[in-house]
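Chain and residue survey
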Amino acid sequence: MTALLVSVDAGVQRLTLNRPEKLNAFNPALLSALGKAFEQAGADPTIRAVLLTGAGRGFCAGADLDQREVGPDAPPADLGAGLEAVYNPMIRRMRALEKPIVCAVNGIAAGAGTSLAFACDIVLAARSAAFLQAFARIGLVPDAGATHFLPRLVGTARAMGMALLAEPLSAEDAERWGLVWRCVDDVALMAEAEAITHRLAAGPTRSYGLIKRALYASAGNTLDRQLDLERDLQREAGTTEDFREGVSAFKQKRKARYQGR
Ligand code: LHQ
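None of these values were measured; they are calculated from a predicted model.

**Some details on the site of the ligand**
Neighbouring residues of the ligand: 25 residues in total, closest R57, A61, A63, L65 and D143. Within the contact set of the ligand, a nitrogen atom lies 2.8 Å away from a backbone nitrogen or oxygen of A63. One of the backbone N or O atoms of A112 is found 2.9 Å from an oxygen atom in the ligand. Looking at the shell around the ligand, the elements with two or more residues in it are α2 (79-96) and β6 (108-110). Considering every element that reaches the shell around the ligand, the biggest residue donor is α2, with 3 residues. By residue class, the composition of the shell around the ligand is 17 nonpolar, 2 polar and 6 charged.

**Focus on the sheet that holds strand β8 (residues 130-132)**
Reading across the sheet, the 4 strands line up as β4-β6-β8-β9 and stay open at both edges, with mixed pairing between neighbours. At either end of the open sheet lies a strand with only one pairing partner, and these are β4 (58-60) and β9 (169-170). Examined bridge by bridge, β8 and β9 share 2 bridges and lie antiparallel to one another. By the bridge assignment, F131 is partnered in β9 with L169.

The rules behind these values
- Residues numbered from 1 in each chain as written.
- Predicted model: local features only at pLDDT ≥ 70, side-chain atom pairs only at ≥ 80, totals over all residues.
- Heavy atoms only, no water.
- Near = heavy atom within 4 Å.
- Polar contact = N/O pair within 3.5 Å; in protein donor to acceptor, adjacent residues only side chain to side chain.
- Helix = DSSP H or I, 4+ residues; strand = E, 2+ residues; numbered from the N terminus.
- Nonpolar A, V, L, I, M, F, W, Y, C, P; charged D, E, K, R; others polar.
- Pairing = 2+ DSSP bridges.

Below, the structure is given as structure tokens:
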């Protein structure tokens, strides 16, 4: 079975984690396919937004604990090597992708599966979904960006509680805490996620890319540096065709037709 289903339609690259019998836990095939898909999303100008979700009742249960290197009988393994080689480049690629990634969290997200969701730009969660920092349950440390994303999203007190106590956080609480954009009824999740992704795919793609750059840089910047960055990014946005189209459409009282250029 293909670990990742990939399709492209009307500017949207749709990615479905497809190991439902293991709640879409990451194995090498899935990680490799995800890495390639995000690379393709960056390289293909016809792709203007990405929609990520999981098959079956789970979103992603993190690293596959049946893999050789993390099994209970395995000799001491260098887990950092796997992060360095596979997980970290994937997370970096997602954050650097100058196109929006929408995540539809259809069920439980655990361990590095939460990191995958948090690395996306707009996260919708089904009402029955939950977020579990499972790492400490097995004596590990949150990884794949979780210790970067969590405190920024929910503050240190809540991040610490989630990481140390490793209890599932419901989608409704995740919405209340600002961990996700919106919690949606299960039956409405995919329609809502599709609508948002298609809307983004028809939008000013370069502006979206620059917005990602600005917002993700802000966490590590002083106001001074951020003002300089905004100046530079706005300079770039001001040279795009989509900016000209946006202003023309406003003046002509019509809907803008953005080309992503
Ligand atoms: C699984 C998994 C799974 C394999 C469910 N693996 N089979 C670590 C190491 C190396 C490098 C990089 O980074 C990391 C970071 C990490 O991600 S560490 C965290 C790894 N993930 C976990 O510890 C979560 C493990 N899973 C669970 O705690 C539960 O499955 C949750 C709470 C997610 C869901 O519970 P339930 O809804 O009760 O489902 P279940 O436990 O019955 O799972 C369904 C099946 O999926 C089951 O298989 P089975 O054959 O018995 O039906 C599980 O064994 C399998 N599965 N997660 N990570």
